[in-house]
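Notes for the structure review
Next come the chains, spelled out residue by residue.
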Amino acid sequence: MSQNHNKGQIYFCPMHPSVRQPKAAKCPRCGMALLPEGTRFGMLRHMTQRPLLLIAMVAVMVAVMVAVMVVVMAMMRG
Ligand SMILES: [Zn+2]
């Protein structure tokens, strides 16, 4: 229940991998917000934070592809 005090989680600066802090903070060199270790990019971090959104996006893409294939096959059969 205490995700803000996640023990063992290391935060690092994407621009300065040598900058590592045991808590969410800002890089002392560039002032950039540190990212949790294990995630390299902010976008990837957002996606992993919302797995349901990612699954929904994939499901929609698959549904569209199947619909297009069905239409194309129907047209080819004349
Ligand atoms: Zn930095």
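Here we summarise the structure given alongside this text. Note that this is a predicted model, so its numbers are computed, not measured. (Residues numbered from 1 in each chain as written. Predicted model: local features only at pLDDT ≥ 70, side-chain atom pairs only at ≥ 80, totals over all residues. Heavy atoms only, no water.)

Some thoughts on the coordination of the zinc ion
- At 1.9 to 2.4 Å from the zinc ion lie its protein donor atoms, namely Cys13 (SG), His16 (ND1), Cys27 (SG) and Cys30 (SG).
- In terms of primary sequence, the donors binding the zinc ion are separated according to C-x2-H-x10-C-x2-C. (Donors = N, O, S within 2.8 Å, 3.2 Å for Na, K, Ca; no water.)

A few points about the pattern of salt bridges
- Counted under the stated rule, the structure contains one salt bridge.
- The salt bridge partner of Glu37 is Arg20, with a shortest N-O separation of 2.6 Å. Here Glu37 is found in the loop between strand 3 (35-36) and helix 1 (42-49), whereas its partner Arg20 is found in strand 2 (residues 20-21), with 17 residues between them in sequence.
- A relative accessible area of 38% places Glu37 in the partly exposed class.
- With relative accessibility at 45%, the residue Arg20 sits in the partly exposed group. (Salt bridge = Lys/Arg side-chain N within 4 Å of Asp/Glu carboxyl O. Helix = DSSP H or I, 4+ residues; strand = E, 2+ residues; numbered from the N terminus. Buried < 20%, exposed > 50% of the residue type's maximum accessible area, 1.4 Å probe, protein only.)

Quick word on the environment of Gly38
- Considering the arrangement of structural elements, one finds Gly38 in the loop between strand 3 and helix 1.
- With a relative accessible area of 73%, Gly38 lands in the exposed category.
- Spatially, the C-alpha atom of Gly38 lies 9.0 Å from that of Tyr11, the residues being 27 residues apart in sequence.

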